[in-house]
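Each chain, letter by letter, is given below.
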Amino acid sequence: MAKAQRGMISFGVFAIIVAISLLRFFPDWGSILALILTLYGLWGIVLAAIRAKNPEKYERRAFSTLVWAILLIAVGASWFVSIQIGPLYAVVLLLIVIGILAVASTLPIWRKK
């Protein structure tokens, strides 16, 4: 898929995500932003799968896109948990995800040896 097509599809998905978030949590702007981050992170995972299927030369690898998408999901979910339950659980969730990503990012280095 060409880069321009992915950009246009991503813009359309972002507009749909914003519309869904506004419909679901209209007066609560914190929850709206948290849901936008989380859902756009899910779209990032889809983009990583597309990039893994059709890699282009001189472009970021699919793993990098996947890691950023997971970080978006973690930040959005932590923000939402912080609003609904409390900040302690949000920090714990974010630290667990960052720890898992740190371990997962070193696995390809161990496989090469």
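None of the values given here were measured: they were computed from a predicted structure.

1. Re the overall build of the protein chain
Assigned secondary structure in the protein chain consists of four helices and zero strands. Counting from the amino terminus, the protein chain carries its helices and strands in the arrangement α-α-α-α. Its C-alpha atoms put the protein chain at 50 × 35 × 15 Å along the principal axes. When burial is assessed residue by residue, the protein chain has 27% of its 113 residues classed as buried. Pairs at least 24 residues apart make up 57% of the contacts formed inside the protein chain by residues separated by at least 6 positions. Summing over all exposed atoms, the protein chain offers an accessible surface of approximately 7,800 Å²; the carbon and sulfur share of this is 76%.

2. Focus: the side chain of S21
For S21, the position within the fold is in helix α1 (residues 3-24). Overall, S21 belongs to the buried group, its relative accessible area being 0%.

3. As for the environment of S82
Tracing the backbone shows S82 in helix α3 (residues 62-84). Between the C-alpha atom of S82 and that of G30, which follows or precedes it by 52 residues, the distance is 9.9 Å.

4. Looking at helix α2 (residues 29-53)
Under the 1.5 Å per step criterion, the end-to-end length of α2 is 36 Å for 25 residues, consistent within 8% with the ideal 36 Å. Among the residues making up α2, those that are buried are S31, I32, A34, I36, T38, G41, W43, G44, L47, A48 and R51.

Reading guide: rules and limits
Residues numbered from 1 in each chain as written. Predicted model: local features only at pLDDT ≥ 70, side-chain atom pairs only at ≥ 80, totals over all residues. Heavy atoms only, no water. Helix = DSSP H or I, 4+ residues; strand = E, 2+ residues; numbered from the N terminus. Buried < 20%, exposed > 50% of the residue type's maximum accessible area, 1.4 Å probe, protein only. Contact = heavy atoms within 4.5 Å. Areas by Shrake-Rupley, 256 points an atom, 1.4 Å probe, with all protein chains shown as cover. Expected span 1.5 Å × (residues − 1).

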